[in-house]
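# Chains, contacts and geometry: an overview
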Amino acid sequence: MGTALSLKGKSIAITGASGTMGKALVSELGKREAQIIALTTSPDASFDTEINGNQKIEVLTWQLGNESALRDRLQTVDILILNHGINVLGARDSEAIYKSYEVNTFSVFRWIDLFLESINESKHIAAKEVWVNTSEAEVNPAFSPLYELSKRAIGDLVTLRRLDAPCPIRKLILGPFKSNLNPYGVMSASFVAWAIATLAELGFRDIIVTINPITFIAYPIKEFWRSLYFRMFSRCKP
Ligand SMILES: NC(=O)c1ccc[n+]([C@@H]2O[C@H](COP(=O)([O-])OP(=O)(O)OC[C@H]3O[C@@H](n4cnc5c(N)ncnc54)[C@H](OP(=O)(O)O)[C@@H]3O)[C@@H](O)[C@H]2O)c1
């Protein structure tokens, strides 16, 4: 647990904004009176640019590998939600391997680094945070080996990085919800987005929303030992 958080008035940027969870988060956080910046790789994506009839959202496009083009815009962002992701399902060729890691792991990590670089004043330390949508695939099978590998990799990198991060980095550990990526998901994206926002406001650092009880036991155990191992056998840059 961390400290309770108010989302009202916060400037929140969300990647993967045109996807199912992206849109659900835009809507849920907009209802909580956050100022939304939708980050999308789809220049033709359409968004309801008004929430509750008055609040406007800002839409910005970005390209994989060129995350740094938005470096300056991140200066005034309070919360960055890294939500973009792909699932190559049963593919195991080299292209699928590179694509899975590039989108699910390295692009997410580049965004984290860019955002942490934007924390250069003491007032930012209290105000800023990053949320990373990994998946319960960190500890459970997703029946998609490359999805699991790339999500576990970013999950572990977040565990390592947050040992020294100047601001909170929350993980979103989500179970199956119905979306473009997972048409068989059992939860609704709008319920999951509501639960994410509620648990974040309560101060949870690792936000678990799933129907699978094993995750509530396996994830905290895995996270504790992983974090301890990283703390014991790695050092921050002097
Ligand atoms: N659905 C589930 O059961 C489930 C469970 C646990 C975790 N998750 C995670 O939740 C997040 C959102 O997934 P979703 O289920 O809402 O899927 P989705 O509807 O397919 O949305 C994913 C979004 O990611 C962005 N994206 C796709 N390919 C990309 C690429 N090559 N480069 C950069 N961005 C790309 C796209 O947004 P833009 O076009 O706007 O950039 C896409 O709409 C993902 O990280 C996923 O792994 C999903």
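Refer to the structure printed above.
Structure report, in brief. Computed from a predicted structure; not experimentally measured.

As a matter of local geometry, the ligand sits amid 27 residues, with G16, G19, T40, G85 and S179 nearest to it. It is helix 1 (residues 20-31) that provides the largest number of residues to the shell around the ligand, a total of three residues. Taken together, the residues of the shell around the ligand sort by class into 10 nonpolar, 17 polar and no charged.

We now examine the packing of helix 1 against helix 6 (residues 189-202). Remark: helix 1 packs on helix 6, axes separated minimally by 8 Å, with the N-to-C direction vectors making an angle of 50 degrees. The orientation of helix 1 relative to helix 6 falls into the category oblique. Here helix 1 and helix 6 pass one another in a crossing that is right-handed. Two secondary-structure elements touch here, helix 1 through T20, M21, A24, L25, E28 and L29 and helix 6 through A189, S190, V192, A193, W194 and A197. Here the residues of the contact of helix 1 with helix 6 are counted per class, giving nine nonpolar, two polar and one charged.

Moving on: unusual backbone geometry. In this structure, E33 is a non-glycine residue whose phi angle is positive, near 65 degrees. Along the chain, E33 falls in the loop between helix 1 and strand 2 (35-40). Here the phi dihedral of L89 falls at roughly 55 degrees; this positive angle occurs in a residue that is not glycine. With respect to the secondary-structure elements, L89 resides in the loop between strand 6 (79-82) and helix 3 (94-117). Accessibility expressed as a C-beta count within 10 Å gives 13 for L89, which makes it partly exposed.

Read from one edge to the other, the open sheet built from seven strands follows the order 5-2-1-6-7-8-9, with strand pairing classed as parallel. Looking at which strands have only one partner, the edges of the open sheet turn out to be strand 5 (58-61) and strand 9 (206-209). Going across the sheet, the axis of each strand differs from the next one's by a mean of 20 degrees, ignoring polarity. Pairing of strand 1 (residues 11-14) with strand 6, which is carried by three bridges, proceeds in the parallel orientation. Residue I14 lies in a different strand from strand 6, and its bridge partner there is I81. Where helix 3 meets the sheet, it contacts strand 6 and strand 7 (129-133), and its direction lies at approximately 175 degrees from that of strand 6.

Parameters at a glance
- In every chain, residue numbers begin from 1 and rise along the written sequence.
- Given that this is a predicted model, residues contribute local features only at a pLDDT of at least 70 and side-chain atom pairs are listed and counted only at 80 or more, while totals for whole chains, interfaces and linings are drawn from all residues.
- Using a C-beta atom placed from the backbone, a residue is scored as near a molecule or strand whenever that atom is within 6 Å of it.
- The way it works is that DSSP assigns letters per residue, a run of H or I at least four long becomes a helix, a run of E at least two long becomes a strand, and they are numbered from the N terminus.
- Just so you know the grouping, Ala, Val, Leu, Ile, Met, Phe, Trp, Tyr, Cys and Pro go in nonpolar, Asp, Glu, Lys and Arg go in charged, and all remaining residues, Gly too, go in polar.
- Geometry is summarised by axes, namely lines fitted to C-alpha atoms with helices restricted to the contacting stretch, and by angles between N-to-C directions that run from 0 to 180 degrees.
- Roughly parallel means an angle under 35 degrees; roughly antiparallel, over 145; roughly perpendicular, 65 to 115; everything else is oblique.
- By definition, any crossing whose near helix is turned counterclockwise from its far helix by less than a right angle is left-handed, and any crossing with a clockwise turn is right-handed.
- Note on contacts: residues are paired as contacts if their backbone-placed C-beta atoms lie within 7 Å.
- Burial in this document is a count-based property: other C-beta atoms within 10 Å of a residue's C-beta are tallied, and the residue is buried at 20 or more, exposed at 12 or fewer, or partly exposed in between, with C-beta positions derived from the backbone.
- For two strands to count as paired, DSSP must find a minimum of two bridges between them.

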